[in-house]
Amino acid sequence: MTGQQTAVVAGGGIAGLAAAVALRQAGWPVTVLERAPAFKEVGAALGFTGNGLAALGALGLAEQVRAAGQLAPHAGFQDRRGRWLLRVPATRPDRQGITTVCGIHRQRLHAVLRQAAEAAGADLFTGAEVTAVRPGTPGGEPAAVTWRTSSGEYTGQADLVVAADGVRSAVRAQLFPDVRPRYAGSTSWRAVISDTTLAGGLVEVWGPGTEFGALRVSDDQVYWYGEFVHPEGASFPDELAAARAHFSSWAPWIGALVAATAPHQLMRHDVYHLPSGCPRYVSGRVVLIGDAAHAMLPTIGQGAATALEDAVCAGRLIATGPNLATALSAFDQSRRPRCQKLARQAALIARCGFELGPGWRQPLRNTLMRLIPAGPALRSGARITRWTPPASPAHGSVLTSRSL
Ligand SMILES: Cc1cc2nc3c(=O)[nH]c(=O)nc-3n(C[C@H](O)[C@H](O)[C@H](O)COP(=O)(O)OP(=O)(O)OC[C@H]3O[C@@H](n4cnc5c(N)ncnc54)[C@H](O)[C@@H]3O)c2cc1C
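Below, the structure is looked at part by part. The structure displayed is predicted, hence computed values, not measured ones.

Time to look at the overall build of the protein chain. The secondary structure content of the protein chain amounts to 13 helices and 18 strands. In terms of overall dimensions, the protein chain is globule-like: its C-alpha atoms have a radius of gyration of 21 Å, near the 22 Å expected for 404 residues. Taken over 404 residues, the protein chain has a buried fraction of 50%. Once local pairs closer than 6 in sequence are excluded, the contacts in the protein chain between residues at least 24 apart make up 75%.

The following block contains the structure:
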């Protein structure tokens with residue numbers, strides 16, 4: 001531990017808390033500034049794949065998250081009548097790492113990360129909104145962060161600023177003003193409901209302008225989502241009635257999940273993303289991670305997983321690099337191509353999935369999907385879900401103040 005380098009993390013979501021853990025593991029004092037009045041995660045649940053679990057393993061948290069969630073295979077894709085389009089064979093042990101999905105309630109994942117950041121010694125502040133950043137220069141002037149609380153405005157210096165403040169990042173808006181979130185053209189109903197009957201892993205279901213998915217997140221809870229093409233900001237007088245009507249002609253198991261949903265369990269969020277992501281993930285002494293850098297469409301379930309990968313790399317590439325400029329550049333070169341590729345893949349899946357309109361397109365897509373052999377589909381999945389964290393700080397060289 002150097003005890004000398006300081007990091008300020010803007011945002012205490014999945015990316016920010018995980019980065020705090022990773023930076024503490026590398027020996028850096030870390031302060032997390034979270035705008036919300038309390039640390040909490042909005043949204044229902046999520047599923048993430050083997051790369052997310054590998055990142056959590058690097059943070060020493062894989063077992064805790066497994067215990068707080070449920071592992072299940074990705075079973076495949078169905079059409080809206082419940083007929084298989086592509087079945088993922090998950091029986092062979094060598095394939096399980098590719099196809100396994102961890103379903104977890106967002107609040108439980110967030111709690112594991114927050115407790116880990118606290119236990120690692122990070123200073124966590126809520127009600128602290130980052131309003132401005134002076135990026136500084138690696139090897140030169142430190143970065144400066146300005147934040148606002150109910151009692152006033154403050155500015156502090158840091159050797160490293162981690163921008164983990166989400167798709168509407170204030171830090172990114174200042175450093176890359178041309179990169180703006182765009183409405184995906186779709187909105188998402190989501191719910192975690194009581195259920196002990198659904199079995200068989202994650203199934204994704206495609207119908208006209210819509211994708212539905214369901215995944216167990218505990219022994220007695222199932223998470224379902226329904227993403228559909230819809231005008232931005234438009235609401236329904238009765239959201240649950242609208243959801244039930246939307247899925248009334250879909251497979252009976254889907255109708256049953258929506259019917260079992262109580263009004264207070266249903267939430268709906270319009271989906272925003274950064275179509276091309278950030279042109280660089282670093283600027284001066286600032287590194288952008290998670291949705292702040294590369295918010296992608298949720299179609300391949302990689303937003304949280306890549307945020308966790310970023311966090312591990314912030315700790316292992318940046319905090320332990322030979323000097324900060326080289327380390328930041330290594331982070332950018334390691335993370336940007338992968339995240340850009342995944343974002344492109346998510347957009348491609350959206351075109352075949354929820355964005356595809358009604359009529360002849362649906363049977364044509366379904367026929368083509370049924371022709372896809374499982375082998376190439378699994379190889380394509382493996383390129384997403386197999387990820388190896390960089391070597392741990394124990395094997396790297398810890399950054400010293402002299403090398404800055
Ligand atoms: C409908 C939908 C379904 C999804 N499903 C999945 C899934 O199944 N699997 C998956 O891997 N991903 C999924 N995602 C993506 C995933 O939710 C995100 O990629 C992930 O939450 C990003 O985490 P983050 O920490 O980068 O950002 P956020 O979760 O947005 O966290 C940002 C944090 O920063 C705080 N903040 C914001 N501005 C400031 C400021 N100025 N100062 C201080 N704090 C600030 C916020 O309050 C928040 O706590 C889904 C997304 C959507 C929209």
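Close to the ligand lie 33 residues, the nearest being Gly11, Gly13, Gly166, Gly290 and Gly303. No other element matches helix 10 (residues 303-318), which puts four residues into the shell around the ligand. Counted by class, the shell around the ligand contains 16 nonpolar, 12 polar and five charged residues.

Here the focus is the environment of Gln70. Looking at where Gln70 falls in the secondary structure, it is placed in strand 4 (residues 70-79). Using a count of 22 C-beta atoms within 10 Å as the deciding quantity, one classes Gln70 as buried. Between the C-alpha atom of Gln70 and that of Gly201, which follows or precedes it by 131 residues, the distance is 9.7 Å. Excluding its chain neighbours within four sequence positions, the residues that come into contact with Gln70 are Gly103, Arg216, Val217 and Ser218.

Here we come to the environment of Arg365. Mapped onto the secondary structure, Arg365 falls in helix 12 (residues 361-371). Here Arg365 falls in the partly exposed class, since 17 other C-beta atoms lie within 10 Å of it. The spatial distance from the C-alpha of Arg365 to the C-alpha of Cys352 is 7.1 Å, given a sequence separation of 13 residues. Not counting chain neighbours up to four residues away, the residues in contact with Arg365 comprise Cys352 and Leu356.

Attention now goes to the sheet that holds strand 7 (residues 123-125). Spatial ordering of the open sheet is given by 7-2-1-11-18-17, a layout of six strands whose pairing is mixed. Edge positions in the open sheet fall to strand 7 and strand 17 (282-283), since each of these has one partner strand only. In the sheet, strand 17 pairs with strand 18 (residues 286-288) via two bridges, with the strands oriented antiparallel. The residue bridging Ser283 from the neighbouring strand is Val286, located in strand 18. Sitting on the sheet, helix 1 (residues 14-25) is in contact with strand 1 (7-10), strand 2 (30-33) and strand 11 (160-163), with an inclination near 175 degrees to strand 2.

Looking now at the packing of helix 1 against helix 10. It is at 8 Å that the axes of helix 1 and helix 10 come closest, and there the two elements cross at 25 degrees. When the interaxial angle is binned, helix 1 and helix 10 end up roughly parallel. Judged by the sense of rotation from one axis to the other, the crossing of helix 1 with helix 10 is right-handed. Two secondary-structure elements touch here, helix 1 through Ile14, Ala15, Ala18, Ala19, Ala22, Leu23 and Gln25 and helix 10 through Ala304, Ala307, Leu308, Asp310, Ala311, Val312, Ala314, Gly315 and Arg316. Among the residues making up the contact of helix 1 with helix 10, the classes are represented as 12 nonpolar, two polar and two charged.

Our focus in this paragraph is the nonpolar core. The biggest cluster of nonpolar side chains holds 122 residues, and the ones touching the most others in it are Ala18, Ala19, Val162, Val287, Ile289 and Ala314. By residue number, the principal contributor to this core is helix 10, which donates 10 residues. Every residue in contact with Ala314, bar those within four places of it in the chain, is listed here: Ala19, Ala22, Leu23, Val162, Val287, Ile289, Ala319 and Phe331.

How each quantity is defined
Residues numbered from 1 in each chain as written. Predicted model: local features only at pLDDT ≥ 70, side-chain atom pairs only at ≥ 80, totals over all residues. Helix = DSSP H or I, 4+ residues; strand = E, 2+ residues; numbered from the N terminus. Rg over C-alpha atoms; globule rule 2.2 N^0.38 Å. Buried ≥ 20, exposed ≤ 12 C-beta atoms within 10 Å, placed from the backbone. Contact = placed C-beta atoms within 7 Å. Near = placed C-beta within 6 Å. Nonpolar A, V, L, I, M, F, W, Y, C, P; charged D, E, K, R; others polar. Pairing = 2+ DSSP bridges. Axes fitted to C-alpha atoms, helices over the stretch in contact; angles between N-to-C directions. Parallel < 35°, antiparallel > 145°, perpendicular 65-115°, else oblique. Left-handed = near helix turned anticlockwise from the far one by under 90°. Core = buried A, V, L, I, M, F, W, Y, C linked by C-beta atoms within 7 Å.

In short, shape yes, function no, at least from these values alone.
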